[in-house]
Every structure is written in C-alpha cells, then in structure tokens.
Amino acid sequence: ALPCLDPFRSEPCRVLVNSCQTFFAMGDETMNDEEAQILEKALIELPIFQDCPRQLIHQVAQRASCRRYEALEEVVFSDQVPMLVVLSGTLRVCIGCAPDSDVGPGGVMNVSGMLGLHELAEPFKPKAGKGANENSEDLEEPMSVDVKTMQGPLKDEVANIYNLCPISCGVATKQTNLSGWLRMDIKPADDQSVKVAMLTLDVIEPIMHKGEALKAFHSNLSVLTDHFICILRHGIFPGVPSEVIWLIACGCQRKHYYPRETLVEEDDLGEAADWLIAINSGKADVEKLAYNGEEAVPQIIGTLTEGAVLGDVCFLHGMVPRGATVRAQTEVDAIAIPPSVILDALALYPGITGSFMGRLREIVMQLQGSLPRPAQALKGMQIFASCDLPFLRAVASVSERKVFFAGDACREEGVMDDTLRVIEFGRCRVERRQGGAVKHCGWCDVGTVLGERRFFNMQSNWPDASFRIATPLALLLFIPRQSFNGVLENYPSEQQRFRLVKETNKTDGGNARREHDAASLSILQGCGPGFLQAIAGCIRTVTYKIGQTITVQGAVDSGSMYIIKGGSAEIYVNHRFVKEVHSGESFGELAILGFVKRRSAVVRAKEICIVLEMPRAAFIAALEDHPEEQEHFQKIGRQHGVVVASTQWPLFEGASQKLLSLINLYARKHITAKGHWSTFNGEQLPEQAAILVLRGEMRVVTPDKGELVFTEGTCFNEQLLFGLPPLEGRLQPQGNCEVQIMTADIFDRVVLECPTERDFIMQRIVNEIARKAEQSMGFGRGDPGGALVLSTVIQVAADDFADQLRKRIDARIYEPGAVITEAGQDGDCMFVLVEGEAENEGDGLCHGKALPLKVGSVYGESVLL
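Parameters and conventions
Residues numbered from 1 in each chain as written. Predicted model: local features only at pLDDT ≥ 70, side-chain atom pairs only at ≥ 80, totals over all residues. Heavy atoms only, no water. Helix = DSSP H or I, 4+ residues; strand = E, 2+ residues; numbered from the N terminus. Buried < 20%, exposed > 50% of the residue type's maximum accessible area, 1.4 Å probe, protein only. Contact = heavy atoms within 4.5 Å. Areas by Shrake-Rupley, 256 points an atom, 1.4 Å probe, with all protein chains shown as cover. Patch = residues over 30% accessible without salt bridge, like charges linked within 9 Å, V, L, I, M, F, W, Y side chains within 5 Å. Salt bridge = Lys/Arg side-chain N within 4 Å of Asp/Glu carboxyl O. 1 Å grid on protein atoms, 1.4 Å probe; cavity = no way out; pocket = protein on both sides within 12 Å on 5 of 7 lines; lining within 4 Å. Points joined across faces, edges and corners; volume = space filled by probe spheres on them. Nonpolar A, V, L, I, M, F, W, Y, C, P; charged D, E, K, R; others polar. Core = buried A, V, L, I, M, F, W, Y, C linked by side-chain atoms within 4.5 Å. Axes fitted to C-alpha atoms, helices over the stretch in contact; angles between N-to-C directions. Parallel < 35°, antiparallel > 145°, perpendicular 65-115°, else oblique. Left-handed = near helix turned anticlockwise from the far one by under 90°. Pairing = 2+ DSSP bridges. Expected span 1.5 Å × (residues − 1). Disulfide = S-S within 2.5 Å.

1. Description of the overall build of the chain
A tally of helices and strands in the chain yields 30 helices and 42 strands. Within the chain, buried positions represent 51% of all 865 residues. By sequence separation, contacts in the chain at least 24 residues apart represent 77% of the contacts at least 6 residues apart. With an accessible surface of roughly 39,400 Å², the chain has 49% of that area assigned to carbon and sulfur atoms.

2. Here's the deal with a nonpolar patch on the surface
Together, F722, L724 and I813 give the surface a local cluster of nonpolar side chains, amounting to about 210 Å² of exposed area. By the secondary structure assignment, L724 is in the loop between strand 37 (715-716) and strand 38 (730-742). For L724, a relative accessible area of 33% gives the class partly exposed.

3. Concerning empty space enclosed by the protein
All told, the structure shown has four cavities of 30 Å³ or more when counted by the stated rule. Space inside the largest cavity adds up to approximately 160 Å³. If you trace the largest cavity, you find 14 residues lining it, with N163, A273, D312, V320 and K545 closest to the centre. Listing elements by their share of the lining of the largest cavity, those giving two or more residues are helix 8 (159-164) and helix 12 (271-274). Residue composition of the lining of the largest cavity, by class: six nonpolar, four polar and four charged.

4. Concerning the nonpolar core
Core analysis: the biggest nonpolar cluster contains 100 residues, and L43, M208 and F237 have the highest contact counts within it. Considering each element in turn, this core owes the most residues, 11 residues, to helix 10 (residues 213-234). Beyond its immediate sequence surroundings of up to four residues, M208 is in contact with F49, C52, L56, I57, V60, A213, L214 and F217. Counting 26 residues, the second-largest nonpolar core is a separate cluster that includes L660, L662, C715 and I761.

5. Re the packing of helix 21 (residues 529-536) against helix 23 (residues 616-625)
Between helix 21 and helix 23, the least distance of the axes is 9 Å, while the angle of their chain directions is 150°. One way to sum up the angle between helix 21 and helix 23 is to call them roughly antiparallel. Remark: the crossing between helix 21 and helix 23 carries right-handed chirality. Contacts from F531, A534 and I535 in helix 21 reach A618, F619, A622 and L623 in helix 23. Broken down by class, the residue content of the contact of helix 21 with helix 23 amounts to seven nonpolar, no polar and no charged.

6. Details of the packing of helix 3 (residues 33-44) against helix 4 (residues 54-63)
For the pair helix 3 and helix 4, interaxial distance at closest approach is 9 Å and the crossing angle is 130°. Of the possible angle classes, the one that applies to helix 3 and helix 4 is oblique. Like other packed secondary-structure pairs, helix 3 and helix 4 cross with a definite hand, here right-handed. Residues L39, E40, L43 and I44 of helix 3 touch helix 4, and the partners they reach there are R54, I57, H58, V60 and A61. In terms of residue class, the contact of helix 3 with helix 4 is built from six nonpolar, one polar and two charged.

7. Topic: the pairing of strand 2 (residues 83-88)
With five of six residues buried, strand 2 lies mostly within the body of the structure. Examined bridge by bridge, strand 2 and strand 8 (residues 194-199) share five bridges and lie antiparallel to one another. When the bridges of strand 8 are listed, M83 appears paired with L199. As defined by bridge partners, strand 2 adjoins strand 5 (residues 108-109) across two bridges and the pair is classed as antiparallel. Across the sheet, the residue bridging to L84 is M109, located in strand 5.

8. Observations regarding unusual backbone geometry
At N110, a position not held by glycine, the phi torsion is positive, near 65°. Residue position: N110 is located in the loop between strand 5 and helix 5 (111-114). For N574, which is not glycine, the phi dihedral falls at a positive 55°. Relative to the elements of secondary structure, N574 occurs in the loop between strand 28 (569-573) and strand 29 (576-581). By relative accessible area, which is 45% here, N574 ends up partly exposed.

9. Things to note about helix 27 (residues 758-776)
Along an α-helix, residues three or four apart share an orientation, since each turn contains 3.6 residues. Here helix 27 is 19 residues long and its end C-alpha atoms lie 27 Å apart, about the 27 Å a rise of 1.5 Å per residue gives. All of the buried residues in helix 27 are I761, M762, I765, V766, N767, E768, I769, A770, R771, K772, A773 and E774. Residues of helix 27 that are buried in the fold lie against helix 25 (657-666), strand 36 (706-711), strand 37, helix 26 (744-753) and helix 29 (799-808). G778 occupies a position one or two residues after helix 27 and carries a positive phi of about 105°.

10. Quick look at the state of the cysteines
By definition, a disulfide is the covalent link that joins the sulfur atoms of two cysteine residues. Here the structure, examined in full by the defined rule, presents zero disulfides. In this structure C94 is a free cysteine whose sulfur lies 7.3 Å from that of C97, the closest cysteine sulfur available.

11. Focus: the sheet that holds strand 1 (residues 65-69)
Sheet strands pair by backbone hydrogen bonding; their relative direction is either parallel or antiparallel. The sheet built from four strands is open, its strands ordered 1-8-2-5 with antiparallel pairing. Looking at which strands have only one partner, the edges of the open sheet turn out to be strand 1 and strand 5. When strand 1 meets strand 8, the two strands line up antiparallel, connected through five bridges. Bridge pairing links S65 to M198 in strand 8. Packed onto the sheet, helix 3 meets strand 2, strand 5 and strand 8 and runs at close to 140° relative to strand 2.

12. A closer look at the pattern of salt bridges
Pairs can form between side chains of opposite charge once their charged atoms are near each other. Throughout the structure, instances matching the rule amount to 35 salt bridges. Residues R327 and E287 are paired through a salt bridge, measuring 2.9 Å at the closest nitrogen-oxygen approach. With R327 in strand 15 (residues 325-328) and E287 in strand 12 (residues 284-291), the pair connects residues that are 40 residues apart, well separated along the chain. Judged by its relative accessible area of 18%, R327 is buried. Of the charged contacts in the structure, one is a salt bridge between R699 and E697, with a shortest N-O distance of 3.0 Å. Exposure remark for R699: the relative accessible area of 26% places this residue in the partly exposed category. Using a relative accessible area of 22% as the deciding quantity, one classes E697 as partly exposed. Within this structure, E157, E266, K288 and R604 form a network of salt bridges that share partners.

13. Quick notes on the sheet that holds strand 13 (residues 296-304)
Ordered in space as 6-13-12-15-10, the five strands form an open sheet in which the pairing is antiparallel. Sheet topology places strand 6 (143-144) and strand 10 (262-264) at the edges, where each strand pairs with a single neighbour. In the sheet, strand 12 pairs with strand 13 via eight bridges, with the strands oriented antiparallel. Note on strand 13: the bridge partner recorded for L289 is P298.

Okay, structure coming up:
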C-alpha cells in the first residue's frame, strides 16, 4: 500500500489540472478527419484506456483541443501541461547529451503531467553524493550476507549476488553523480511547426463517467501509478524524467510469488535473464550451485528484501546468464520490467543511459580488455575465414574498435560509407525513414557484419537504412576500405581470393560464421564438413561477469563445451586453484561427448569472460543426422581411457546387436529445454512415445498415480509399443534432461528388420510392464521374488529360490473378457494379479456371485504343486 496511488482524485492535483485552462486558451486549431483518426488510434492503444468502450474513447477524441508549436518553440512538460498527441509534424526530443529522437504523428507525451505525477516524483529526485536508491528513506538495506558465508567455503560465491543485483549493491552508488533530473529538451524538428491535440482529466472523466468506464479508467491509473512510484522508489533509473518513467511503468507486470517459488534461476540466458525484477515486499533467498565436497548442491549465500532489484540494465542483450537462483522465502510481491520495454524506451529516449553512464564507462574499460583480438574477430567472418594469419594481423592493425551508446548511429541513411563494421557486443536497430516517420525494420546482433557488400563494391542489401545502437552499450570493429586496400597490395596471394568474392557475389549475408571455431577443436578434427556446419550453426556467444561460474564441480548440467574467445578464467578442483585458461583454450570436451556426467572442476571468470558455448543438445542433434561420426568420438573416448558405454533400454536387454543398433539409428536422442518438454530450440517433443532417460531426471504428474520419477537408465510409456495407452499426465524434465524417444512407428520399423526377435521383444515389453506394476505394489526391482512372495507356497521357500524363480517366469497381459483359467480344464500355472481386476466364477454356475480378485490376489497354487 503506497501513498497517493490515486493522485488524480486528490484536491491538490485537481487544482493543477484546472490550471491547464490557460494552456487551452492558446488552442484555436481544428482537426481534420485524418488527424481525428490518428488521435483516436493513439488513445485506443494507451494503457490508461484499457477495457474502456471504444465509443467513449471516440467521444474523448472529439472533445480534444488543438494547438500548434511553431519552429524553435520549446515544449515544456509539467503538471500544468495537458497530455499531448502529435497530429502532424515531428517533435524532436533530447535527454541529456544523448542523440535526438523523433516523435511523429500518433506519438503521445506528458501523460504523467496530466496526472500530476511530476510533483509526486519530486521526493525521488537524485541528490549529489547519494546512491541510486538512497532517496527512499523508508527502504532498508535490501541485501544481506551472513558473516559465516563471507568467511567460509562459499566466500567466492558472494560475488554472484553483486552480479545479480548491481543496482541494490554498493556498485549502485557508481551509477550516477546526478543532482536533479536529466535535462529534457523538446522542440519541433527541422524548423517546421507541429500540430498537437490536448487532453486533461477535466475532459476525459465526465465522458468516462458513463457506465462502468470510469471505474476501469481509474483502476488503470491506480495500477500504472503504483508501477511508476515503485520504479522511482527502487532507484532503477535515477534522474530519468517522469515522462520516461511513465512509459516504462506502462510496460511493467505485477508478480506475486509464494514461498519456495522461483523468481529467477541460475544460468537463465537470453530474454529470461534480461528482465528487471524489483521486490516490493517479502524476503527471498539467493541460492548458488556450489560443490560441497561430494556433489554440487544449491546453497544459500544471501537474502534479498524490499528494495532489491534483480538484473543489470547495463548488460541488456549481452547474453549474460543469471549468476544465481532467487527463491521466495516468504510471499513476495514484485514488479517486473520486460527487456522489450527497456529497448523501446531506449529507442525513444536514448538519453536515459545518462542515469548509469558512470558504470557503463567502467564496463567499457573491462570489455575492451576481454573482447577477442581483432584478428580473431576477422577470422569469424566467412570472407576472411580462409585468409592467412599474417594477412589478418595486418588488416587488424588498421582496424579500430569503437564504443557506442544507445541512440548513436553507427551508419547513417544516405551516407556513402565504405567502412566494414562487425558488431562485437550489443545490438543495433535497423531503421528506415518513410513519409517523415522512422520505421523499425529489424535487429542486428553480435556477429553481424555491416557494409560488407558495399565494401567489395557490390549492391548493398540495405542502401537506404540507418543502424542505431539499441542497447545501452555496443562495441564495433571498424575496417576502412582505403586502409584495407593498402594492406591488400602487399599480399598478392590474397588479392585473387577477394577478386573471386566480387565475381561470385558471395559474402556472409551479414552474419559471422563459426565453422572455423568448430574445426579448430581437437575433438572435431577429422569430422566431415556437414557435421561441422550443423554444429557451428548452434554455437552461441555467452558473456560471464567477473567472479561468475561457467561450470561447477560435481554439477550435472546441460553438458556444454566452451571455447574462450576473450578474457580469462580460473580453474579450481576441490576448492584449490589449478590453473588459468585464456583466449583460444577450451574445456568440457568429455562432458559434451557424454563420457562424464558430472563436471570435474569449477571454472570461474577472472575478468569479463567471453566464451563460445557449444551445447550438447546441438552436438547430439548433429550426431543423429551424421551417424558416421560416432566411431570417431568413441575412438576419442578410448584414447582418454574412457569406457564408452551407452545407456540401454532395460526392456531390450538380451536383444541382438543388430536390433540395438537399429534402435540407436532410428530413435532420436534429444536434450530438453530446462523444465519444458521441448528441445533446446523450442521444438515440441512427442508425448505419444516410449521414453528412455539417458541423463538427468524426468517427472510425470499423473491424475491417478501422483508424481512418478524416472531417473537415468529407466524408461516409461513402453506399453504404447504393445498397443496400450501411455501414461496420462504432464511431462516435467528436471533441468536439461537427455532422452531417447521411440514412437510406435519407429518400433515397428525396427521389428520389421528383425522379424525373428519380434516375440522375444514383445515378451520383454510385457515383462517390463509387470515390473512397473510390482513397483506400484511396493516391490523394488531388487526385492527377492517380487510379487511372488504373496503366495504362501513361495513364502516358505528360501529367498534365493524365490529370486531365481522370478527371473525365469514371463508376464502375461489379458484383454477385458478374456478367460485366464477355465473350470475343469487342465492347467500348470499359478497366477499373481499385479494390475487390473478379475473375477473367480467358480464352476460357472454361481449366477452373479463371482468372487472379485484385486491386485495382489494369488490363484492356481494347488495346480502348481
């Protein structure tokens, strides 16, 4: 419950809104039909009008007044100014010293002023000498670490809290040295006048008062104002003007977590790792996966409370994984800001980076020492991949690495520029100007090569586009063509190569390639080009902060392999330092090959460390498509003294080598996404199939049997191969789980090629179904005799006899209505019912008085004797 959540209903705010009448007196413009449509469309898209009837919004648009800002006339936002919607022309906005941005027709501004929020934000104005969130006197220290943790075996892991919550830690004081709000200048662009529509609450509320619309309108304002205040209190964007804070608040989401629910998870990567989450109330534990002497287990290294902010806007879209898991200790209320909302705010108001520019500059200094050498970056481009190293070093010597911040243009529309650019860190927006407005056309990420076609005098794919920095920070490698041509003159052997590039008109297509990185690895040398290309397409660049763990000793993780491209890392075994690894070195070879299940060492980033990650999931998928490479990797295992043994289906034990080979050929292996029944790239996996767990743990939540757990070497749904329905329930992999999937079609294909083994395999499946049924009765796989001990005949026998007997008998499945035994007929079997129900009808003359037989019933003992 925050104060002033309804400021637009308070008396002081009403006075401010009424004072806007003076401003309205200046508005004597009228709207034409096209401008009215622009206004109405803009209002419909505003979050404050969510769930409000469209016809009422139409009436609001009709009641709006208009005015015109002349060229060079300054637009000032405050609580005395109404909400503005641009109808024609363009407003140019500049925050701080950042590049300008344009707001064209349909752009909405100063909603915060209309609601009187400028005055509400005043207590959170930055003050000289104070940290980002020190203006909120009601907030206590949001992070705490136990002294024993600081001094014990987990002391090295505490750095992960700072990496996880830099805004909430001491590093936040470095974010700003501002005294007051960042300056925001707004004027008409290009010496042209701008026409705007104006609205206040005095116009909106009487119209919304009809029906239930006013209630929905006020509810929207309360929720969004709550988000607005939370962002200010937590100091997420110190000094940023209210106009921008309101824009971000409109994209926030309210989150509620119950005890033990996860807020963020260690090693989350991509969009999941870029969300900013601010805790409004409650407590949460910070858990770090750490080696305890035997295995890697989650251990609590700190506590977060009200005011803590998870996430680092400085590394937005930098492919930095979460450094630790945060789990609710009590009920936790939080607001979450999606990365897309921050990117949109940066695109419109790039000057907000001024609120954390001090820390951005520190990160630049660290990154410049950690990025790959220019020659290595060039090697990653297809056009340079086959060049000799001396030539690449010569080209690197004339290259220049440049730093850009949000909104900076690294290539302007219409400017003839023959410079080659490679994005090494950050993200770019591709923009085109159409009809006076700027249109967003796409993104360019790390590894993208800009201007390569023009560089070689070819027709450009983006001749009329601008490339602007979309993230807070970006680093690009620049190679001027004139300097490149000067180097090329000294290398005649390379001249022919680039002449062919022009003649064949073949370049990277704007993206760096990773085949050379894959081919350089010792374990992949000798593999075919098709396999290397399949692997290279899944290699991704990941950045680790100082002190962050890349692998943890004793952990059963996704089994990725890593190649250090920039920076360095330290290796520890049993908490003892072993050595450093630097650019060009790799680790995790045995893990990706599946020869070890647990990591053998802790690898921790000594500085900002940029690595290429080769996921085991991609390796498995490539190997499935190129089975001819399997012998190559088995040979590597034997060279390392590793016993190459694969986990096999328990129901196919004793089958021929041919049948087992066919199963491994046709039944594909997959590594699931973390916690989801899908592949690592989001492809949904089939549920109507028999599944073998090769690595990790699978859980199936069923409506009748509760939660079933399947660990490495166990399988489930094998009854589907016999024609019976699979388990009903939700499949939940625990982490990244490696599985082999066999559908009924694949099974039929295997059996068709091994017809003599059909009866044997079908009996093995039935026996496996019976074993599962015995487990449901409480008998373990190793219990002597299993369910046979329910018979009094077997109970008097020795355990060894019962055990040997159980191994020698086969299970049977009877369909509903089938006769198991028939009165008066000879028999030689005893039966133990392990699943389903049956009836003992006696001699067939009992007329409805049959004796029901349940699971555990034994019959036929006298016949057996």
